[in-house]
Amino acid sequence: MADWAQAPSRPIPADVLRYAHDVLADDLGVPAVLKTLDTVVTRADVPAGAKFETFAFLDRVLGLDLAREVGHRHRAAT
């Protein structure tokens, strides 16, 4: 996600956003949302900036805190 944050922002793909809204409206549909995130990672037609926006949006809904460390530098583990 941190690498995607370096790319220019792009809108969340309409099909992904529509599906996410549908499953979130259906009792939060957490397993389906997590599967959606997994699918977005591998979609070649989704640019990095859109992947970041998708993860950041759903992160805010689910409270996963995925974006918390974006922009922070960490020392490599030794």
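Residues numbered from 1 in each chain as written. Predicted model: local features only at pLDDT ≥ 70, side-chain atom pairs only at ≥ 80, totals over all residues. Heavy atoms only, no water.

Quick word on the overall build of the chain
When you go through the chain residue by residue, the secondary structure sums to four helices and zero strands. What you see in the chain, going N to C, is helices and strands ordered as α-α-α-α. Taking all 78 residues of the chain together, the buried fraction comes to 31%. Once local pairs closer than 6 in sequence are excluded, the contacts in the chain between residues at least 24 apart make up 67%. (Helix = DSSP H or I, 4+ residues; strand = E, 2+ residues; numbered from the N terminus. Buried < 20%, exposed > 50% of the residue type's maximum accessible area, 1.4 Å probe, protein only. Contact = heavy atoms within 4.5 Å.)

Thoughts on helix α3 (residues 30–42)
In this model α3 runs 19 Å from its N-terminal to its C-terminal C-alpha over 13 residues, within 8% of the 18 Å that 1.5 Å per residue would give. Buried residues of α3: Val33, Thr36, Leu37 and Val40, and no others. Summarising the axial view, the buried residues of α3 lie within an arc of 100°, below the 170-degree limit, and thus occupy one face. More than 90 degrees from the buried face of α3, the exposed residues found are Pro31, Lys35, Asp38 and Thr42. Contacts made by the buried residues of α3 are with α2 (14–25) and α4 (48–62). (Expected span 1.5 Å × (residues − 1). Arc of directions from axis to C-beta.)

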